Amino acid sequence: QALTRDEFTLYFQPIVNLGSGEVSAAEALLRWNPSAGSIGPDRFIPVAEETGLIVPIGEWVIRNACRERQKWAVLGITQPRMVVNISARQFAQKNLVATVGRMLQEVDLSPEHLGIEITESLLMERPEDTIRALNAFSNMGVQISVDDFGTGYSSLSYLKRFPLDKLKVDRSFVRDIATDPDDAAIVTAIIAMAHSLNIKVVAEGVETEQQLEFLRSRGCDEYQGYYFSRPMPSAEFIVKLSNLPS
Ligand code: C2E
Ligand code: MG
Ligand code: MG
């Protein structure tokens, strides 16, 4: 009903390159605003996943994120890649890759402008099907990130079996990074491991200058968090981009 009543919108949060300061990507985050007030994705996404409704909702997300990115291209915005979250349940659809390919064509968007975020649990389920789908995305030019890295079932062997571009270090490791030696050690090790596998690292949930400085000192590639910007509607995102020092 939320789909037919047009109650969903997308917000966009910048992902920033630590070296250049450029906004390298925009993560599309779903918002639901029913007439009775708003409900956070942490509450409705798990229900959508359990019921299978994440499939049509997820298609809405991909289609609208691609459309939005194409609008930015028309405005001459070349840089940020549009990144969408994809649930394991969506990968169970045999035609996910073809569906995404069709949506890109529909809006005339190049796959180099799209990225996907997947969960560690996906990499542990049906590995053969998942490898096939991820290879197809990767060959198209779609970038692949592992979301919330370090919180799921970790079998590090998947890091060499799948075509992964980025690991997103979960917010729970970043929060106390500047004060807790254990978190500092874990994040330092993740960065070193990823780099030796030729995978880039994005820190999630960066809220303070101290966290940012720590990440910079350890050679982290990119970050995302309230320190730079909260997720925001498309129009605000565009304003933010055009106000960056160049
Ligand atoms: P996620 O993919 O890990 O997205 C990052 C979440 O962290 C977002 O929450 C974002 O608002 C929040 N965040 C970003 N920076 C900070 C920070 O500095 N501090 C704090 N405390 N939080 C920060 P959000 O938008 O509520 O989304 C929650 C989760 O819901 C997402 O986590 C993702 O797993 C899921 N989700 C959201 N949109 C979609 C979607 O379209 N499809 C699917 N499958 N899942 C989605
Ligand atoms: Mg995400
Ligand atoms: Mg995350």
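Look up a bit, the structure's there.
In this text the structure is predicted, and so the values were computed from the model without any measurement.

Let's hear about the overall build of the protein chain: which residues, and what values?
If you tally the helices and strands in the protein chain, you get 11 helices and eight strands. Its C-alpha atoms give the protein chain a radius of gyration of 18 Å, near enough to 18 Å, the size a compact globule of 246 residues would have. Its C-alpha atoms give the protein chain principal-axis dimensions of about 50 × 45 × 35 Å. The buried share of the protein chain, taken over its 246 residues, is 48%. The long-range share in the protein chain, meaning contacts at least 24 apart out of those at least 6 apart in sequence, stands at 66%. If you sum the accessible surface of the protein chain, you get close to 12100 Å²; carbon and sulfur atoms cover 50% of it. In the protein chain, which carries 24 positive and 32 negative side-chain charges, the distance between the mean positions of the two groups comes to 4 Å.

Tell me about empty space enclosed by the protein, residues and numbers included.
Per the counting criterion, the structure on display carries two cavities of 30 Å³ or more. Taken as a whole, the largest cavity encloses approximately 40 Å³ of empty space. Class assignment for the residues of the lining of the largest cavity results in four nonpolar, one polar and four charged. Quantified by volume, the second largest cavity comes out at close to 30 Å³. Looking at the lining of the second largest cavity element by element, the count peaks at three residues for helix 2 (residues 54-74). Counted by class, the lining of the second largest cavity contains three nonpolar, two polar and one charged residues.

I'd like to hear about the site of ligand 1, residue by residue, with values.
Taken together, the neighbourhood of ligand 1 is formed by 23 residues, with R31, D147, R171, E207 and Y226 sitting nearest. A distance of 2.9 Å is found between an oxygen atom of ligand 1 and a side-chain nitrogen or oxygen belonging to N85. Y226 places a main-chain nitrogen or oxygen 2.8 Å from an oxygen atom of ligand 1. Here ligand 1 loses 85% of its free accessible area of 810 Å² to cover by the protein chains. Taken atom by atom, the bulk of ligand 1 overlaps the largest pocket. Taken together, the elements giving at least two residues each to the shell around ligand 1 come down to strand 2 (23-32), helix 1 (41-51), helix 2 and strand 5 (143-149). Taken together, the residues of the shell around ligand 1 break down into nine nonpolar, five polar and nine charged.

Please set out the layout of surface pockets residue by residue, giving values where relevant.
In this structure, the largest pocket encloses a volume near 1200 Å³. Looking at the largest pocket, it is lined by 41 residues, and the ones nearest its centre are L29, D42, N85, D147 and D148. Every element with two or more residues in the lining of the largest pocket is listed here: strand 2, helix 1, helix 2, helix 3 (88-91), strand 4 (114-118), helix 5 (120-124) and strand 5. Tallied by class, residues from the lining of the largest pocket come to 15 nonpolar, 12 polar and 14 charged. Of the voids in this model, the second largest pocket is the one considered here, and its volume is about 260 Å³.

Requested: an account of the coordination of the magnesium ion (ligand 2), with residues and values cited.
E27 (OE), N85 (OD1), E117 (OE) and D147 (OD) make up the full set of protein donors to the magnesium ion (ligand 2), lying at 2.0 to 2.2 Å. Between consecutive donor residues of the magnesium ion (ligand 2), the sequence gaps follow E-x57-N-x31-E-x29-D. When its relative accessible area of 29% is taken as the criterion, N85 is described as partly exposed. A relative accessible area of 10% means that D147 is categorised as buried.

Give a description of helix 2 that names residues and reports values.
When the terminal C-alpha atoms of helix 2 are compared, their 30 Å separation across 21 residues agrees well with the 30 Å that a helix rising 1.5 Å per residue should span. Immediately downstream of helix 2, the backbone of G76 shows phi near 90°, a positive value.

Quick notes on the rules
- Residues numbered from 1 in each chain as written.
- Chains lettered and ligands numbered in written order.
- Predicted model: local features only at pLDDT ≥ 70, side-chain atom pairs only at ≥ 80, totals over all residues.
- Heavy atoms only, no water.
- Helix = DSSP H or I, 4+ residues; strand = E, 2+ residues; numbered from the N terminus.
- Rg over C-alpha atoms; globule rule 2.2 N^0.38 Å.
- Buried < 20%, exposed > 50% of the residue type's maximum accessible area, 1.4 Å probe, protein only.
- Contact = heavy atoms within 4.5 Å.
- Areas by Shrake-Rupley, 256 points an atom, 1.4 Å probe, with all protein chains shown as cover.
- Lys, Arg positive; Asp, Glu negative; His and termini not counted.
- Charge placed at Lys NZ, Arg CZ, Asp CG, Glu CD.
- 1 Å grid on protein atoms, 1.4 Å probe; cavity = no way out; pocket = protein on both sides within 12 Å on 5 of 7 lines; lining within 4 Å.
- Points joined across faces, edges and corners; volume = space filled by probe spheres on them.
- Nonpolar A, V, L, I, M, F, W, Y, C, P; charged D, E, K, R; others polar.
- Near = heavy atom within 4 Å.
- Polar contact = N/O pair within 3.5 Å; in protein donor to acceptor, adjacent residues only side chain to side chain.
- Sits in = over half its atoms within 2 Å of the grid points.
- Donors = N, O, S within 2.8 Å, 3.2 Å for Na, K, Ca; no water.
- Expected span 1.5 Å × (residues − 1).

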